[in-house]
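Descriptive analysis of the structure
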2 protein chains.
Amino acid sequence: MAIRPAEQLIHKAAWLYYAHGLRQDEVASQLNISRASVAMYLRKARETGIVNISTSTQLFTNDVMARNVEDAFGLDAVWIAPENAYLADPSTDIAVLAASVFLELVKKGDRIGVAWGRTVYTIADIMSFADLQDVTVVQLCGNLGAPYSYRPDQCTMEIARRLNAKGLNFYAPLVLSTEELAKSLRAEPVIRDQLAGIADCDLALYSVGAVDADSHLVKCGALLPAEMEGLRSQGAAGVIAGQIIDAGGEVLDCSYNRRVISAELASLRAIEKRLMVVQEDTKFEPLLSAIAGRLCTHLVIGAHMAGRLLQYAEAATKKAS
Amino acid sequence: MAIRPAEQLIHKAAWLYYAHGLRQDEVASQLNISRASVAMYLRKARETGIVNISTSTQLFTNDVMARNVEDAFGLDAVWIAPENAYLADPSTDIAVLAASVFLELVKKGDRIGVAWGRTVYTIADIMSFADLQDVTVVQLCGNLGAPYSYRPDQCTMEIARRLNAKGLNFYAPLVLSTEELAKSLRAEPVIRDQLAGIADCDLALYSVGAVDADSHLVKCGALLPAEMEGLRSQGAAGVIAGQIIDAGGEVLDCSYNRRVISAELASLRAIEKRLMVVQEDTKFEPLLSAIAGRLCTHLVIGAHMAGRLLQYAEAATKKAS
DNA sequence: GTGCAAATTTGACTTTTGTCGAGAGCCGTG
DNA sequence: CACGGCTCTCGACAAAAGTCAAATTTGCAC
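To keep things clear, this report deals only with the structure shown in the data block. (Residues numbered from 1 in each chain as written. Chains lettered and ligands numbered in written order. Predicted model: local features only at pLDDT ≥ 70, side-chain atom pairs only at ≥ 80, totals over all residues. Heavy atoms only, no water.)

1. Notes on the pairing of strand 7 (residues 236-240) of chain A
All names here are of chain A. Selection criterion: Buried means the residue's accessible area, taken with a 1.4 Å probe over protein chains only, is under 20% of the maximum for its type, while exposed means over 50%, and partly exposed covers the values in between. Note on conventions: DSSP H or I runs of at least 4 residues are helices, E runs of at least 2 residues are strands, and numbering of each starts at the N terminus. Between any two strands, pairing holds if DSSP finds at least two bridges.
Counting buried positions over the 5 residues of strand 7 gives 5, a clear majority of the element. Pairing analysis gives 4 bridges linking strand 7 to strand 8 (residues 243-246), with the strands arranged antiparallel. Note that in strand 8 the partner of Gly238 across the bridge is Ile245.

2. So, the relation of the copies chain B and chain A
So the rule is basically this: The least-squares superposition of copies is restricted to C-alpha atoms, and to residues with a pLDDT of at least 70 in both copies. What makes two residues a contact is simply this: any of their non-hydrogen atoms within 4.5 Å.
Least-squares fitting of chain B to chain A yields an RMSD of 0.1 Å, with the superposition described by an axial translation of 0.1 Å and a rotation of 179°. Such a combination of turn and shift is consistent with a two-fold rotation axis. Taking C-alpha positions as reference, the residue of chain B nearest the rotation axis is Ile53 of chain B, located at 2.2 Å. Looking at chain B, 100% of its interface residues are interface residues in chain A too, so the copies touch through the same face.

3. Here's the deal with helix 15 (residues 284-292) of chain B
Given 3.6 residues per turn, any residue in an α-helix points the same way as the ones three and four places further on. Residue and element names in this part refer to chain B. Burial runs high along helix 15: 7 of the 9 residues are buried. Within helix 15 the residues assigned to the buried category are Phe284, Pro286, Leu287, Leu288, Ser289, Ala290 and Ile291. Against helix 5 (64-73), strand 7 (236-240), strand 8 (243-246), strand 9 (273-277), strand 10 (298-302) and helix 16 (303-320) lie the buried residues of helix 15. Directly beyond the C-terminal end of helix 15, a positive phi value near 50° is found at Arg294.

4. Considerations on the protein's contact with DNA strand D
Applicable threshold: Proximity criterion: a residue is near a molecule or strand once any of its heavy atoms comes within 4 Å of it. As used in this structure description, the phrase polar contact means that two N or O atoms lie within 3.5 Å; if the pair is within protein, one of them must be able to donate a hydrogen and the other to accept it, and residues adjacent in sequence are counted only when both atoms belong to side chains.
Contacts to DNA strand D come from Tyr17, Arg23, Gln24, Arg35, Ala36, Ala39 and Arg46 of chain A together with Ile33, Ser34, Ala36, Ser37 and Tyr41 of chain B. The sugar-phosphate share of atoms of DNA strand D within 4 Å of the protein amounts to 68%. Contact distances for DNA strand D include 2.4 Å between a phosphate oxygen and a side-chain N or O atom of Arg23 of chain A. For the surface near DNA strand D, the secondary-structure elements that each account for two or more residues are helix 3 (35-47) of chain A together with helix 3 (35-47) of chain B.

5. Section: the sheet that holds strand 9 of chain B
All names here are of chain B. Definition in use: Here an axis means a line fitted to C-alpha atoms, over the contact stretch when the element is a helix, while the angle between two N-to-C directions is reported on a 0 to 180 degree scale.
Taken in spatial order, the 7 strands line up as 2-10-9-6-3-4-5 in an open sheet, and their pairing is parallel. Each end of this open sheet is capped by a strand with a single partner; those strands are strand 2 (77-81) and strand 5 (166-168). Within the sheet, the average angular offset between the axes of one strand and its neighbour, ignoring direction, is 20°. By the bridge criterion, 3 bridges tie strand 9 to strand 10 in an arrangement that is parallel.

Just distances and angles here, no functional claims.
Here it is as structure tokens:
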């Protein structure tokens, strides 16, 4: 794509307006266009990441509670969205915060792994645009036709689009009907390369799923409610990138997991920054499992969840002493 | 400085407005303050770097001319401000561009070396605020009481202030009256550490000075016009961080240079990214010397200067063939 | 060339934002 | 405790930015 003249104009308008601080009508007269056009160009500039407006997330890290959670669970960084707060929809607040944190963690040239779920898609949806060069977004797990609009490949592609980055999709289903087929598929060069490339990521973005009938795996038909219940009694504690993990944060030994095409937990752990975002309060145990399995170094949660984590940590300390 | 309640409010207002996209009156009602206060908080948020508005400098790197200059002189990156352009004051444009480029090059945790001069001070003055954590700004050369408001230490401190970074000043004059004194001073632990720390910088920001009666060195009384003229006939071609360099970009062997307290050129060359900004068209030869001495890897200049550079490169190529 | 659809641009209008002086609250001081 | 000096806050007005339907241009197939 060559630099179209329109693009040039957007750049110039954005430059004069944001860098030089001219008013829209001044920009308009400099470029010999109407002010309305300038307004439109500026909107496009914001939407395409030519200008970047980012707010510091300091407010949320400076929180004493965040520090405590970091210390108690040995995490690199924790952000806590105040839930009692002044917003209509508190769960959106976590996603907005997560999007800001995510953008703050991304560096030029990074390779980013993205998993799938309602949370991740919400983040992708509200994330502002940026113009990162040389960034690659890779999908962490296979695809699943979802009844909703957030399929794994869509999460990946949407985030790639927002960052002006390259998106790398997984050309495989998340779960297959037999273990043999899954094994063969994993051996396919295309898939194998994709799986191997996951460990090279600099940053991962995912949430953790609950093991219940409301799970996406159930809603998307990958598992029946009864199967899910069965897995739970076998020790299933959470869902990471489409895989079932136990309370220790390890892959549960079950047929389902063997039929899944997804990132190996070892590959995920090889990623330096693992950003986990948890919106729902019901995901307390799944989150504990993920932390236990060292699947998360950076965490974005709500104030209530943070409270529960600290309470849990305190109880554990007391018992130990 | 503890987090004052006002600061907290600024953060919240900025967060609701910029991250959540609420209108000012909505923010006002959420926080139970008047809309006028919100507007004021938002201005403060922008001024203190709590929110960051940055425009992509792509427009200027994508320029064909910039690419040509990069290739012709083996530079890592070149930005060219269009001088024929739509702006009242073209020389400001270079400084504004330089400030944007500078902010784009700075990374968290960086150590930044800053020299001194009208250009550098102009950049510091128009640079927008940012909230970089763990950034250190160090002064590249000794101090000089200037008749203007841009003393070396002020350049350093102003940039540090804008970045919300730590500023490290040089507690020494730029030039001493005897070589012996300069030598002793350089051996002082405080000064020695400072000088040694320069090579550890990740980024340097400086301009190059001309060898004439208009030079800062003359205006600030470090050198008499006649002395400057004398140095010129001895091969002086430019001024870098208060030192005289020859056409090859090496330190000129002269008494003045031996009396100066400033970064060694070898230390400067050890800095990965050396951002040089040249506003005045008269600094053509000095710039060539600086490039010859590999004192610049990243360059911000005006279109006219770029034209002269390319013309020069072309002539040199022709002569060679 | 001609006609049509899509994209772009514009002027007029509405909404949102910036600004300023007045007034309220706060604190150390005489 | 009254007094200035200080900062913070507010209401009202002016300025700027966003929006939309209509007009214009552009691109393209025929």
